[in-house]
Amino acid sequence: MRTTLTVVMASVLSNLALAQIGINTAEPIASLDVSAKKRDGSTAEGILPPRLTGDQLRAGDAKYSSMHAGTVVYVTAPVGSVTTKTTNITSAGLYYFDGDMWQKMMQGDPKTLTHTTAGDIKNSVKAADHDGWYLLNGRSVSTLPTEAQSLATSLGFTDSLPDATDRVLKTKSGTEMLGSEGGENLLTLTRSNLPNISLVGVINGMAESGGAHSHAAGQGGFLLGGTTVGNNGSGNYQGNSTPTSWGGVGILSNTATGGAHTHSLSGTTTVPTGGSGAALDNRSAYLVVNTFIYLGQ
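Residues numbered from 1 in each chain as written. Predicted model: local features only at pLDDT ≥ 70, side-chain atom pairs only at ≥ 80, totals over all residues. Heavy atoms only, no water.

K.L.:
Looking at this model, I keep getting lost on the overall build of the protein. Mind explaining?
P.N.:
Scanning the protein for helices and strands turns up three helices and 13 strands. Among the 297 residues that make up the protein, the fraction classed as buried is 19%. Put simply, of all contacts in the protein between residues at least 6 apart along the chain, 52% involve residues at least 24 apart. When the accessible surface of the protein is split by element, carbon and sulfur atoms take 56% of a total near 22,000 Å². (Helix = DSSP H or I, 4+ residues; strand = E, 2+ residues; numbered from the N terminus. Buried < 20%, exposed > 50% of the residue type's maximum accessible area, 1.4 Å probe, protein only. Contact = heavy atoms within 4.5 Å. Areas by Shrake-Rupley, 256 points an atom, 1.4 Å probe, with all protein chains shown as cover.)

So this is what it looks like as structure tokens:
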């Protein structure tokens, strides 16, 4: 009889171990199926996870390892002195352990269950602060709510938030400080920025000529000596002086035609470019948005 009872009990316990468990239901449809006891509003329904303060949870840091990933608790107050595992416990709420640290549940997009951490950056077409996101407009940290001030300070922003107005985001390189600002949107070219080339252009006028030609006087004429050309035909100057005092003087309006020759021209001139010194806009085509930083709710 004792043997038979032992076999029956072993069989029952084996079935229970392999069966699904239901609370308030005789037909569970999952590993653990909790059904509301009443649906008329006369009782408080739901599941209460363990409730701990942030400091109480921090005290158990050594007890949580990768084996505890998925553990859920409700934190009733933020942690006072953070550790690596509790750095995200900044306010009351549901938290889950991801195997390395506690993450706040439903902190980001509740549809995708993505979580958000203090210091995260996003772009949005929203015009003002919302849901723990604060506009990066260079405002003083002292104007933020107390909790946001604390998180901003922990991120290194002790005086003011960065001003993202009219700026794009750049990944840190070298010894750059996170949150620092730099660069210019406008670019001005100087002479040293131009390429080292010779410019080819066209000018109007004649600097030299290679054919036979004569030259005309601009006014009056060319004065000639020792000639009968351009005088009274006697070879002598006719005027108030002695007729032969000039030894034969004449005048012509053009020089005699010379052979093929060239003329050298030297001088300084200024050629205006027509520019106004305007700076170049160094930005690509863009979409205007606001930039926000997450500092908790």
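K.L.:
Just checking my understanding: could you explain the sheet that holds strand E3 (residues 51-52) for this structure?
P.N.:
Backbone hydrogen bonds hold the strands of a sheet together, and the pairing may be parallel or antiparallel. Sheet architecture is open: four strands sit in the order E3-E4-E5-E6, paired in mixed fashion. Because the sheet does not close on itself, it has two edges, and the strands there are E3 and strand E6 (102-104). Pairing geometry for E3 and strand E4 (residues 72-75), over two bridges, is parallel. Bridging from a neighbouring strand, leucine 52 pairs with valine 75 of E4. (Pairing = 2+ DSSP bridges.)

K.L.:
What's the story with the sheet that holds strand E7 (residues 121-124) in this structure? I'm lost.
P.N.:
Here we have three strands laid out as an open sheet, ordered E7-E13-E8, and antiparallel in their pairing. Each of the sheet's edge strands pairs with one partner strand only, and the pair in question is E7 and strand E8 (133-135). Strand-to-strand twist of the sheet, defined as the mean angle between neighbouring strand axes without regard to direction, takes the value 40°. Judged from the four bridges that link them, E7 and strand E13 (residues 290-294) form a sheet pairing that is antiparallel. Bridge assignment links isoleucine 121 to a residue of E13, and that residue is isoleucine 293. (Axes fitted to C-alpha atoms, helices over the stretch in contact; angles between N-to-C directions.)

K.L.:
Help me understand the pattern of salt bridges, please; the structure alone is not making it clear to me.
P.N.:
Where charged atoms from two side chains of opposite charge come close, those side chains can pair. Inspection of the entire model under this criterion finds six salt bridges. Where aspartate 55 meets arginine 58, a salt bridge forms, and the shortest distance between an N and an O atom there is 3.1 Å. Placement of the pair is aspartate 55 and arginine 58 together in helix H2 (residues 54-59), with a separation of three residues, close to one helical turn. The class for aspartate 55 is partly exposed, based on a relative accessible area of 32%. The class of arginine 58 is partly exposed, set by a relative accessible area of 26%. (Salt bridge = Lys/Arg side-chain N within 4 Å of Asp/Glu carboxyl O.)

K.L.:
In this structure, what is going on with the nonpolar core? I would like to understand it.
P.N.:
Most often, soluble globular proteins have nonpolar side chains that are buried together. Tyr134, Leu136, Val141, Leu144, Ala148, Leu151, Ala152, Phe157, Leu161, Ala164, Ile293 and Leu295 together form the largest nonpolar core, which totals twelve residues. Considering every element that reaches this core, the biggest residue donor is helix H3 (residues 146-154), with three residues. With sequence-adjacent residues up to four places away left out, alanine 164 is seen in contact with Leu136 and Thr291. Of all hydrophobic cores here, the second largest spans nine residues; its members include Val75, Ile89, Tyr95 and Phe97. (Core = buried A, V, L, I, M, F, W, Y, C linked by side-chain atoms within 4.5 Å.)

K.L.:
It is not clear to me how H3 should be interpreted in this structure. Could you clarify?
P.N.:
Within H3, burial applies to Ala148, Leu151 and Ala152. Along H3, the residues classed as buried sweep out an arc of 100° about the axis, all on the same side. What points out from H3, more than 90 degrees from its buried face, is the exposed set Thr146 and Ser154. On the buried face of H3, the contacting elements are E8. Just past H3, the residue glycine 156 takes up positive phi, approximately 100°. (Arc of directions from axis to C-beta.)

K.L.:
Can you walk me through a nonpolar patch on the surface in this structure?
P.N.:
A cluster of nonpolar side chains, Ile21, Ile23, Leu32, Val34 and Ile47, forms an exposed patch at the surface whose accessible area comes to about 480 Å². Contributing elements (two or more residues each) for the nonpolar patch: strand E1 (21-23) and strand E2 (32-34). Looking at the element boundaries, isoleucine 21 is found in strand E1. (Patch = residues over 30% accessible without salt bridge, like charges linked within 9 Å, V, L, I, M, F, W, Y side chains within 5 Å.)

K.L.:
What exactly am I supposed to notice about the pairing of E13 here?
P.N.:
Strand residues, when the strand is regular, have side chains that alternate between the two faces of the sheet. Counting buried residues in E13 gives four out of five residues, a clear majority hidden from the surface. For E8 and E13, the ladder comprises three bridges, and the chain directions are antiparallel. Within E13, the residue paired with tyrosine 134 across the bridge is isoleucine 293.

K.L.:
Before we go on, may I ask you to explain the layout of surface pockets in this structure?
P.N.:
A water-sized probe, rolled over the atoms, reveals where empty space remains. When its volume is computed, the largest pocket comes out at roughly 1,400 Å³. Along the walls of the largest pocket sit 39 residues, with Ala164, Arg167, Val168, Leu169 and Lys170 positioned nearest its centre. Every element with two or more residues in the lining of the largest pocket is listed here: E7 and E13. Counting residues per element, the lining of the largest pocket draws most heavily on E13, at three residues. (1 Å grid on protein atoms, 1.4 Å probe; cavity = no way out; pocket = protein on both sides within 12 Å on 5 of 7 lines; lining within 4 Å. Points joined across faces, edges and corners; volume = space filled by probe spheres on them.)

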